[in-house]
Each structure stands twice: as C-alpha cells, then as structure tokens.
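# Inside the fold
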Amino acid sequence: MLSSLTIQDFVIVDKLDLHFSPGMSVLSGETGAGKSILIDALSLCLGARADASQVREGCERANITAVFEINPAAKAVLEEQSIACDEGELHLRRAIDSNGRSKAYINGTPVPASTLKELSETLIDIHGQHAFQTLTKPGEQMRLLDDFGQHQNLVQTTTNAFAKFRSADKALQQAQSSQEERGARLENLQWKFDSLKKVSPKAGEWEILSSDFDRLSHSAELIEGTQLASDVLSQGENTLLDQLTHVIEKLSHLSTRDPALEGVVKTLSESEILIREASYDLGNYVKHSDLDPATLAEVEARMSLWHETARKLRIQPESLHLEMEAVQSEIKGLEEGFDVEKLQKELTQAKQAYEAQASALTAARKKSAKLLSERVTESMQTLSMKGGRFLVDLSPGEPSAKGSDIIEFRAAGHPGVTPQAIQKVASGGELARISLAITVNTVESTPVPTLIFDEVDSGIGGAVAETVGKYLRLLAGNKQVLCVTHLPQVAAQGHSHYQVSKDISAGNTRSKIVQLEPEARVEEIARMLGGQIITQATRTAAREMLTSSDQ
C-alpha cells in the first residue's frame, strides 16, 4: 500500500507532502490544476523515464519520495537485489537534475531505474484514461484473460513445450538435408567456432568493454579532477565546507540580532547539505574506482581480439556472442541430425507434449472466458448498456508460444444484436465503459495492493458515473484505490478526498494538493456539480451525494 508521497520542485509543484490511507482516495480540481502531476511523480518513483523539463523552472533538482508498506512479492525482489528491508517500509526516491540526469534509490541504496520498474510490478497498477485503446489489441485481450484466470503457470509450461517442439522440428529438417551439404556446412561452422572460441564472448561483455575503455582511457583526467574537487570541498586545508560552516555559524549568530538574515542562513544550510552529499559521493568514487593503467591495457587487448575476430567473420563486434550461440546450436543439430529416425521420434514426442500443454491451456481459457463474459455482461447492465452482451470468443489458431488459441473480445451494445469484435461495434464511449467493466472484473486477480485510475471515467456522466464510483469504491474493499476524477458522482464515493488547485502569484505558477475536511469537501463536490457559481441547492445536493455514498 502507498503510505506517503513527497514531491519537491517538480514541474509546477514546489513542495508537497501527502499521506494516504487504505480505501478509496479521490483527487479532483479544475482542468489544468495539475491533477496528473501526482501520477507522473509517482511514475518516476516506479522507474519511468526522467526528463529535464520535469524540474521546476529555476530549480537545480526535483526530488520525489514514495513510501510503501512492504509485501511478500516486493520483499522477494529486494532480497534478490540484496537490498535491506527490515523496517517493514519501502522508500523509493528519484532525484532529477536540471541537466536531465537522474538517480534512483531504494531504502537509501542507489539502484538503476530498471530495478524500480521491476519492483513497481509488485506494488501498483496505473490505469490511464486512454487504457481502453489497448483493449482492441489481440495480444492485450489474451493477457487480460490469462491474468483473470491466473493461467501464468500454464502459459509458461506451454511456452517451454513450444520451444522444444520448434527445436526438434528444426533439427529434423537439418538432418534431412543432403549429406554433402551438411558436411560442407559443418566444416564452415567448425572454422567459425574455432575462431570464436579464442574470444569466448559473453552477452553484454562488449558493452562493458567499451564503457570501461572510455572510462579508463580518461583515468588521469578523472582521478585528477575528482581528487581536486574532493580536496576543495572537504579534504584539503581551508576547505569550502569549513569556510561555509564558519559563515553559517557567524550569520546564525548575527540572525539573532536581525531576523532578516534567517533566510540567508537557511539557504546556506541547504547548500551545506548538498555540498556534503556531493563530497560523500566524490569520496566513494575516488575510493572505489579502478582507474588503473594495467587494467586499461587488459581492456585494450581484449577489445583488439574482439575486433580482429569480428572482421574475420564479417560481423559487428557486439554480435559475437550471438554468433557463437547460433554456431554451437547449428553444429549440435547437424551432428545429431545423422540419426533421422531418432530425431523423428523426438519431434513426435515434443509435438505431443506441446499439444497436451496447449490443450490444457485452452480448456482453462474456455472456463475463464465463460466466467469473464458473464461478469462483464452483468456489469454492462449498470453502465447504460442494458441488454448489451460481452463475449470472450476462443477459436483454434496456429501453434505458438502462447498456445493454439485466437482470443477475441466481442460485444453487442443492444439486445438482439450478435456480438462482434469490440473495435468494430463499440463507440469511444461504449469502449471506455466496457474497458472499465473489464478492469473492475479482472483487477482483483492482480497481486498488487494499490490501484490508480487516472480519469478512466472520461466521457461518461449521470447515473453511469455514480455506478462507476460505486465500482471503484467496491474495489477499495480489498485494494487501495487512488482515483483522479472530474465527476462529482465518482468523487463522492471516496473515503478521502484531495483537492488540486493552481496558484498564480508574482508571475509564478504553483500546484497545491490538500486533503479536504468534511465541509470543504461539500464545497468541492458542489463546485464539481455547479461550476463557479455555487448555490445553497448545489451544496444540499453535494451533502446528499456524500451521505448516500456512506450508506
């Protein structure tokens, strides 16, 4: 569960410190106030790509910290990465400099953004307002059905069986080629293998070598520059930190005489913290760097061998490891290919094993398709599609790593109409409502504890909006739900309510988010109902709406 989110100097946010509870939390505000900034900031903590434009204008760095309650799946990822998680909380931090560079931390440990992205899959699901557009893709339809039915293990065993089936088929085809062609091919492959074996290339090694060479070839400059910087900041005589500390002490004393200096003291104190952090990072760099001339010579020799082999085989250096794997695989296939009878038997066994796995997956999908069809159809009746039907259709397809099924979501928006592919029969509004119905009925199968809905109610209103709100509140019974909305019927269903507003003063624009107390919440619901002019009637309607949601 998401416990808190702290945002500093991000886009038009100067400082926000938000705390969240279980249940359904809603965020509302006027268009352009910055409701989606919260989602963007959280996405950065979960590994999204950082950009210099996300740093608030005039600031050097944006900082976002998200705190989650730990769960078993997240803990497993942390243990795999050797990251401590003893306190029962998970602190994710992302810092973006004004030059576009970013740093990521998990519980204070520096990590690549990819680790955040891997961890995010155990923590949160974000459903955007245009999520329904992906619903028309067959691959997404299959994924949704398999997630709903929890077919992951069956899909994986089917994928493994298909790989063995394809490998056995390829081996048999190679064996059935002419003896003369096979012999010539083996001779050429053996020459390639002997050349590659001298290098024994590993996946990712070329990229590491290139990076190490670039770094080590500038070792003198790096060592000299970082050591000088470290000395100036904190390691030498009369360091910048010493001078700054002295200045802060002096001004702190003077500020007791004149409070006008307190702002200067605060700014300098913040600068001291940043300089200490930079000094610490420099010290670690100098201490742990391997900028050694002997290491550079080893890297150069290794790169030379890669280049020489790549020229001989007429391929790119970074492809050597792939070439070696392909050569080994083909040699093995050709050598074993002499026993055609054996390979035919292995192919038959592999095909039967795959068909058995694919058949089991199909049976499971049919059962899940029937249940999902019934549930989504039932939900459609309350989403202004009375008499409409939803159908998950399965038909036989070509064997693949995902089984032998073609899965198609079909719908009929009116009674008496044969369901057809949803992209053909559903309007944008209908598709959004069907997407929401599918999300509501499939999202409980996801293991993540927190769900975010970013204006998924776009394009609906009235009684349908009230139903959507009730659906989201229902989900909040066993998941934490955060919902960005512009509809009062949805906002009224929240257990807690946050208002997003935009303040423009002195030529600066800032976004603010505050949690609303009961009376302030009535005012916000009334604004959402009646616009800028709020009457007593709209306030009364807002109170009734809030009272009704709690019953």
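In case you missed it, the structure is sitting above this.
Summarised in this report is the structure supplied together with it. For clarity, every value in this text was computed on a predicted model and none was experimentally measured.

Rules and cut-offs
- Residues numbered from 1 in each chain as written.
- Predicted model: local features only at pLDDT ≥ 70, side-chain atom pairs only at ≥ 80, totals over all residues.
- Heavy atoms only, no water.
- Helix = DSSP H or I, 4+ residues; strand = E, 2+ residues; numbered from the N terminus.
- Buried < 20%, exposed > 50% of the residue type's maximum accessible area, 1.4 Å probe, protein only.
- Contact = heavy atoms within 4.5 Å.
- Areas by Shrake-Rupley, 256 points an atom, 1.4 Å probe, with all protein chains shown as cover.
- Lys, Arg positive; Asp, Glu negative; His and termini not counted.
- Charge placed at Lys NZ, Arg CZ, Asp CG, Glu CD.
- Pairing = 2+ DSSP bridges.
- Patch = residues over 30% accessible without salt bridge, like charges linked within 9 Å, V, L, I, M, F, W, Y side chains within 5 Å.
- Salt bridge = Lys/Arg side-chain N within 4 Å of Asp/Glu carboxyl O.
- Axes fitted to C-alpha atoms, helices over the stretch in contact; angles between N-to-C directions.
- Phe/Tyr/Trp six-rings, centres within 6.5 Å; stacked < 30°, edge-to-face > 60°.

## Quick look at the overall build of the protein
Helices and strands together make up the secondary structure of the protein, namely 19 helices and 15 strands. Every one of the 551 residues in the protein was classed for burial, and the buried ones make up 42%. Sequence-distant contacts in the protein: of pairs separated by 6 or more residues, those separated by 24 or more amount to 69%. Element-wise, carbon and sulfur atoms account for 51% of the exposed surface of the protein, whose accessible area totals about 29200 Å². For the protein, the distance from the average site of its 57 positive side-chain charges to the average site of its 76 negative ones is 5 Å.

## Thoughts on the pairing of strand 13 (residues 480–484)
Across the 5 residues of strand 13, 5 count as buried, placing the element largely inside the fold. In strand 13, alternate side chains face the same way, and those of Gln-480, Leu-482 and Val-484 on one face and Val-481 and Cys-483 on the other are all buried. Bridge count for strand 3 (residues 24–29) against strand 13 is 4 bridges, and the pairing is parallel. Residue pairing across strands places Leu-27 opposite Val-484, the latter belonging to strand 13. Where strand 12 (residues 450–454) lies against strand 13, 5 bridges are found, and the strand directions are parallel. Bridge assignment links Thr-450 to a residue of strand 13, and that residue is Gln-480.

## Description of a nonpolar patch on the surface
On the surface, a cluster of nonpolar side chains totalling about 260 Å² of accessible area is made up of Leu-228, Val-232 and Leu-240. Mapping Leu-240 onto the fold places it in helix 9 (residues 240–255). Its relative accessible area of 37% is what places Leu-240 among the partly exposed residues.

## Observations concerning the pairing of strand 1 (residues 2–10)
For strand 1, the buried fraction is high: 7 of the 9 residues fall into the buried class. Direction of pairing for strand 1 relative to strand 4 (residues 61–69): antiparallel, over a ladder of 6 bridges. Looking at strand 4, one finds that Gln-8 is bridged to Asn-63. The antiparallel pairing of strand 1 with strand 2 (residues 13–19) creates a hairpin that spans 2 residues between the two strands, and Val-11 there sits at a positive phi of about 55°.

## A look at the sheet that holds strand 8 (residues 124–127)
Paired through backbone hydrogen bonds, the strands of a sheet run either parallel or antiparallel to each other. Read across the sheet, 6 strands follow the order 8-12-13-3-14-15 without closing on themselves; strand pairing throughout is mixed. Because the sheet does not close on itself, it has two edges, and the strands there are strand 8 and strand 15 (508–515). Ignoring strand direction, the axes of neighbouring strands in this sheet form an average angle of 15°. In terms of strand pairing, strand 3 meets strand 14 (residues 496–505) through 5 bridges, oriented parallel. Directly across from Ser-25, in strand 14, lies its bridge partner Ser-496.

## Side note on the packing of aromatic side chains
One pass over the full model with this rule turns up 6 aromatic pairs. Consider the rings of Phe-20 and Tyr-498, whose centres lie 5.3 Å apart with planes at 50°: the pair is tilted. Residue Phe-20 is located in the loop between strand 2 and strand 3, and its partner Tyr-498 is located in strand 14; the two are separated by 478 residues in the primary sequence. Overall, Phe-20 belongs to the buried group, its relative accessible area being 6%. Through a chain of ring-to-ring contacts, the aromatic side chains of Phe-162, Phe-165 and Tyr-354 assemble into a single cluster.

## A short note on the sheet that holds strand 4
The strand order across the open sheet formed by 6 strands is 2-1-4-5-6-7, and the pairing between neighbours is antiparallel. The strands lining the two open edges of the sheet, one partner per strand, are strand 2 and strand 7 (109–111). Strand-to-strand, the axes of this sheet are offset by a mean angle of 15°, without reference to chain direction. The pairing of strand 1 with strand 2 spans 6 bridges and is classified as antiparallel.

## Brief notes about the environment of Pro-201
Among the secondary structure elements, Pro-201 is positioned in the loop between helix 6 (179–197) and helix 7 (205–216). Along the chain, Pro-201 and His-321 lie 120 residues apart, while their C-alpha atoms are 4.9 Å from each other. Setting aside residues up to four positions removed in sequence, Pro-201 forms contacts with Leu-196, Arg-302, Trp-306, Leu-320, His-321 and Met-324.

## Topic: the pattern of salt bridges
Applying the stated rule across the entire model yields 18 salt bridges. Notably, a salt bridge pairs Arg-143 with Asp-147, separated by 2.5 Å at the nearest N-O pair. Pair noted here: Arg-143 and Asp-147 are both in helix 4 (residues 138–149), with a separation of 4 residues, about one helical turn. A residue is classified by how much of its surface remains accessible, and Arg-143, at 38% relative accessible area, is partly exposed. The residue Arg-410 makes a salt bridge to Asp-393 at a minimum N-O spacing of 3.8 Å. Taken as a pair, Arg-410 in strand 10 (residues 403–412) and Asp-393 in strand 9 (residues 389–400) lie far apart in primary sequence, 17 residues in all. The class for Asp-393 is partly exposed, based on a relative accessible area of 22%.

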